[in-house]
Each structure stands twice: as C-alpha cells, then as structure tokens.
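Structural characterization, general
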Amino acid sequence: MSDILEKFSLKGQTALVTGGAGLLGKQFTLALGQAGANVVVADFDLDAAQRHAQTLLNENIPAQAAQVDVTQPGSVAKMVEQAVSKFGRLDILVNSAALDPKFDPENISDQSSNAFETYPLESWQKAIDVNLTGMFLACQASARQMVEQNYGVI
C-alpha cells in the first residue's frame, strides 16, 4: 500500500507562482516545492524573487527566479518561456500577484485615509491591472503551453 503523501506528490512537475516573493506567494512556493515540484518564483521585484528562490534552493527545492510585470503580455510570455526553458515543462500556475494599495505600506500616499469616497481612481486602476488583467494574461500564456503538453492546472 502506498503512503497517502505519494498521492499528492508533485515530483517532476513544474509550478509557476506569480507574486512568488510576496507574503502568500512565498508560502505557496514552499508548499509546492515540499510536495516535490520544481518552482518558478515570478515577481515584479527580481531581487526579492532571487532571494526567495535561493531560500528554496537551500531547502533542496529546485527553484528559479523570474522577473515579470503581469500587466504586460510580453513580460508574461517571457516568464512562461523561462520556466519551460529551465524545467522543460509547465504543469501548475498559481496566480498570487496582487496589489492592494489600501494596505501596501509603500503606497501610503495612495491610501487617502482608506475612505471609499476619496479613494484615487489611479490606485483602483493599478490594482485592477495587476489583480485581474495580470491573472488573465498569466492564465492565457500558461494555457498555451499547457495545451501543447496536453496537461496543466491553473
């Protein structure tokens, strides 16, 4: 009889996580790596992605950093190409890239006291571009690869 964890093994599969150097993204990449997956830590902040990929490598998890601007189709396509080039396939996409200017300490000037009636349209639009359009573009680029392989999970 096999071990229950064998049924959840991702050994030999490649997982790409957008926002992979973020608060949730780090946890997603670690869990996927612990399950046996090769992990691509994709993030707008390449230095943060590289640091986290090194942390995973130190845990014997095959990992690679990739810089991505999820709002730009060319950048997203390059991210997928890098994953496939490094690991030979793309099996899993986790859309974790997100922007919430209301709570991001780096965007304190955009907070407008967090009041709806004074919330800046520019901040709203930036969040929509990353959170929705970014997810759409990442799914689209990953699905193209997964269709070629006849396998994949988004």
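Reference entry: report on the structure contained in this document.

Quick notes on the rules
- Residues numbered from 1 in each chain as written.
- Predicted model: local features only at pLDDT ≥ 70, side-chain atom pairs only at ≥ 80, totals over all residues.
- Heavy atoms only, no water.
- Helix = DSSP H or I, 4+ residues; strand = E, 2+ residues; numbered from the N terminus.
- Expected span 1.5 Å × (residues − 1).
- Buried < 20%, exposed > 50% of the residue type's maximum accessible area, 1.4 Å probe, protein only.
- Arc of directions from axis to C-beta.
- Contact = heavy atoms within 4.5 Å.
- Polar contact = N/O pair within 3.5 Å; in protein donor to acceptor, adjacent residues only side chain to side chain.
- Core = buried A, V, L, I, M, F, W, Y, C linked by side-chain atoms within 4.5 Å.
- Pairing = 2+ DSSP bridges.
- Axes fitted to C-alpha atoms, helices over the stretch in contact; angles between N-to-C directions.

**So, helix 2 (residues 46-58)**
The first and last C-alpha atoms of helix 2 sit 18 Å apart over 13 residues, in line with the 18 Å expected at 1.5 Å per residue. Within helix 2, burial applies to Ala48, Ala49, His52, Ala53 and Leu56. Down the axis of helix 2, the buried side of the element spans an arc of 130°, and every buried residue falls inside it. Away from its buried face, by an angle of more than 90 degrees, helix 2 presents the exposed residues Arg51 and Asn58. Buried residues along helix 2 sit against helix 1 (23-34), strand 2 (38-43) and strand 3 (63-67). The N-cap residue of helix 2 is Asp45: its side-chain oxygen and the backbone nitrogen of Asp47 are 3.2 Å apart. Where helix 2 ends, the next residue or the one after it, Asn60, has phi of about 65°, a positive value.

**Section: the nonpolar core**
Membership of the largest hydrophobic core comes to 20 residues, with the highest contact counts inside it found for Leu16, Val76, Met79 and Val80. Elements with a contribution of two residues or more to this core: strand 2, helix 3 (73-87) and helix 4 (121-149). With 6 residues, the top contributor of residues to this core is helix 3. For Leu16, the residues in contact, after removing those within four places along its chain, are Val40, Ala42, Met79, Val80, Ala83, Leu90, Ile92, Leu93 and Val94. Counting 17 residues, the second-largest nonpolar core is a separate cluster that includes Val39, Ala53, Leu56 and Ala63.

**Here we look at the sheet that holds strand 2**
Taken together, 4 strands build an open sheet; the order of strands is 3-2-1-4 and the sheet is parallel. Here the strands that pair on one side only, and so sit at the sheet edges, are strand 3 and strand 4 (92-95). Taken over all neighbouring pairs, the strand axes of this sheet differ in orientation by 20° on average, direction set aside. Packed onto the sheet, helix 2 meets strand 2 and strand 3 and runs at close to 175° relative to strand 3.

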